[in-house]
Amino acid sequence: MAKKQFKAESRRLLDLMINSIYTNQEIFLREIISNASDALDKRYYLSLTEGSEKISRDTLKITIERHADTRQLVIEDNGVGMTEEELENNLGTIARSGSAEFREQLEKANDNTDIIGQFGVGFYSAFMVARRILVETRSVKDNTAHSWTSSGEDGYVISEIDKPEVGTRITLDLKDDTDDIHYSDYLEEYKIRDLIRKYSDYVRYPIEMSVTKHIPDPTDENKTIDTEEVETLNSMIPLWKKKKSDIKEEEYNEFYKSKFNDWEDPQKVIHYNVEGNISYTALLYIPSRTPYNFYSSDYRQGIQLYSHNVFIMDNVKDLVPDYYRFVQGVIDCDDLSLNISREILQQNRQVQLLSRSIEKKIHSTLEDMLKNDRENYEKFFENFAWDLKFGVYNNYGANKEKLQDFLLFKSSKEGKYVTLKEYVERMGKDQKAIYYAVGKSVEEIERKPVMEKLREKDIEVLYFLDERDEFVTGMINTYAEKQFQSISAGNLDLESDDEKKNREEKAEANKDMLEAIKTDLGDKVSEVRISSRLSDNDPVCISAAEGVSLEMEKYLANDPLSNGRGPKASKILEINANHPIFAKLQSVYSENPDLLKDYADVLFNQAMLIQGLPIEDPAAYARKIAELLVKA
């Protein structure tokens, strides 16, 4: 029969198929197997609806043959097959899909049979690896078989052939190897196994291939005999499509560890099915530890996308927000629009619906863990706290109300984790703010001078042990109408009316001395005041006026991008009027005012060190202390 030419637009599309559309040549096997699975579905469906033949589903299968001597890879199915007209329509006209038409028929019939194939173009991905393709097929509706053969853009030939069995056999004559690409790898057993496991493991029909087995030689125990056996390469039934009641915990764990390269069991399994505006099945996991490369550029989110049990994409970012990027797992959805190569997810309403649904489920799972499994939730939080905090802070706090109740902080009450809700619920009725302290450890915070006063007042303090916590709560701004208040802030209000009156009287009586100390310290401080936050044992401390806090100054100073030139807090030197040092300052100011500058400088540096802030000249500070000790 004479060779037929592809239409001009088909030739252009074929060129794109081979050279541009697909970025990964190995998916050709996925596409051919998906088409074969469609054909098997069609044959079984027709046997049920038309009654022209009765066929058992157990007899339907896909077979792969490897012929290294002729460099041929063969994929055969005993599905519905194609007539001459269908060959012309489906393979002679690129982008016309028999599967798509069949899908429309099923939708009209409201049938539950699934169809994998979505594009008439998928078959042509085989030209990425094959210099020639031969399709031999016989339709269940026709006693005559036909072949379709093509070497690509030069056209195709359809011929009548002898083929006694219904089904389709596709033979790929592989291209010659090059320095860059070894097409002969697709004839290797290990390669076929890998591709089936990656892309087609859950196709519902068995994919069989003859494999080499090494068995002991009965005549010589030191030798083996090579024998060929037919083996089913795919598992067929995906774990996520089984009933939860039929799955053991060990199965969930083993699937996770093998699929996502972890050696520990997951902390949480989220397995559920949704039917509605968008229907899908999900098997999601929360790891029990932070992946080793989680905070590096090498880490890729672990959501895998399947459609009709066929693997489509790995590491899909669009399905889970960044603050839940620790979730790994599988989404199997048949409703999504994929691009022509099924390698890119189209941005449309279905993707948005799916993403919102997945996020809602993860959110409710975390809520349940926090409420009913606190120990496990705290373990989870220690692993992935920063992702939740980032979600609060990112996008100008757009998701803060959604995530703020998931945050945990150690606190001065028993040193245990508390939520913001728990903190507010046990606040004293007269407490006006949520108090927090920033430090590298609980011990460091508890040594801060002001903590003694807060303990006396029975005020709970949240411990911000992550230096970014202050930025996060700054974005939250208020929680349950309560402001966040740093215990290092200058406007800390801890006094009773009597205490406040007493302090104001002392400040007025010593106004000149305080102003002199301020003058001596210059622009190092914005104010010198009598402290309301220190217990009797602590002589001095530094607090900050509104704006940049002391903790933010430290954080920004350590930021390599700031080069040590980050913004500075407006510092307030607070002196304890009930400490003996105050009486000493009064004496120095009245008897030897020139010496007051040295005392002021020493007290300021001492307060800076207590706060964990650097001082300009440690050597000069040490000398000045020695000089004052000699004069004392």
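Up top is the structure.
About the criteria used
Residues numbered from 1 in each chain as written. Predicted model: local features only at pLDDT ≥ 70, side-chain atom pairs only at ≥ 80, totals over all residues. Heavy atoms only, no water. Helix = DSSP H or I, 4+ residues; strand = E, 2+ residues; numbered from the N terminus. Buried < 20%, exposed > 50% of the residue type's maximum accessible area, 1.4 Å probe, protein only. Polar contact = N/O pair within 3.5 Å; in protein donor to acceptor, adjacent residues only side chain to side chain. Pairing = 2+ DSSP bridges. Axes fitted to C-alpha atoms, helices over the stretch in contact; angles between N-to-C directions. Arc of directions from axis to C-beta. Contact = heavy atoms within 4.5 Å. Phe/Tyr/Trp six-rings, centres within 6.5 Å; stacked < 30°, edge-to-face > 60°. Lys NZ or Arg CZ within 6 Å of the ring centre and 35° of its normal.

With respect to the side chain of Asn-234
Mapped onto the elements of the fold, Asn-234 is located in the loop between strand S8 (220-232) and helix H6 (249-260). The exposure class of Asn-234 is buried, given its relative accessible area of 5%. At 3.0 Å, the side chain of Asn-234 forms a polar contact with the backbone oxygen of Val-203. Only 2.9 Å separates the side chain of Asn-234 from the backbone oxygen of Tyr-205, close enough to count as a polar contact.

What to know about the sheet that holds strand S21 (residues 540-544)
Read from one edge of the open sheet, three strands run S20-S22-S21, paired in mixed fashion. The sheet terminates laterally at strand S20 (527-530) and S21, the two strands that pair on one side only. Averaged over neighbouring strand pairs, the angle between their axes works out to 30° when direction is ignored. Alignment of S21 against strand S22 (residues 571-575), held across five bridges, turns out to be antiparallel.

Focus on helix H15 (residues 511-521)
Taken as a whole, H15 has its buried residues at Met-513, Leu-514, Ala-516, Ile-517 and Leu-521. Down the axis of H15, the smallest arc covering the buried residues is 155°, so these residues share one side. Pointing more than 90 degrees away from the buried face of H15 are the exposed residues Asp-512 and Thr-519. Lining the buried residues of H15 we find helix H14 (497-509), S20, S22, helix H17 (580-591) and helix H18 (596-611). Gly-522 lies just past H15 and shows a positive phi near 65°.

Some points on the pairing of strand S19 (residues 482-486)
Pairing of strand S16 (residues 433-438) with S19 involves four bridges; the strand directions are parallel. Bridging from a neighbouring strand, Ala-433 pairs with Gln-483 of S19. Direction of pairing for strand S18 (residues 478-479) relative to S19: antiparallel, over a ladder of two bridges. In the strand pairing of S19, Tyr-479 is matched with Lys-482. From the end of S18 to the start of S19, which pair antiparallel, there are two residues, and Ala-480 there has a positive phi angle of about 50°.

Here we look at the sheet that holds S8
Strand order across the open sheet formed by eight strands is S5-S4-S3-S6-S2-S1-S7-S8, with mixed pairing between neighbours. A single partner strand is all that each edge strand has here, and the edge strands are strand S5 (155-161) and S8. Sheet twist, expressed as the mean angle between neighbouring strand axes with direction ignored, is 20°. Pairing of strand S4 (residues 145-152) with S5, which is carried by seven bridges, proceeds in the antiparallel orientation. Looking across to S5, one finds that Ala-145 is bridged to Ile-161.

A look at the packing of aromatic side chains
Per the counting criterion, the structure on display carries 32 aromatic pairs. Taken together, a centroid distance of 6.5 Å and an interplanar angle of 25° make the contact between Tyr-377 and Phe-381 stacked. With Tyr-377 and Phe-381 both in helix H8 (residues 374-397) and four residues apart, the pair spans about one turn of that helix. Exposure remark for Phe-381: the relative accessible area of 3% places this residue in the buried category. Aromatic ring contacts, followed pair by pair, group Phe-294, Tyr-295, Tyr-299, Tyr-323, Tyr-324, Phe-326, Tyr-377, Phe-380, Phe-381, Phe-384, Phe-406 and Tyr-417 into a single cluster. Positioned above the aromatic ring of Phe-294, the side-chain terminus of Arg-325 is 4.0 Å from the ring centre. Its guanidinium or amino end placed over the ring of Tyr-272, Lys-361 lies 5.2 Å from that ring's centre, counting from NZ or CZ.

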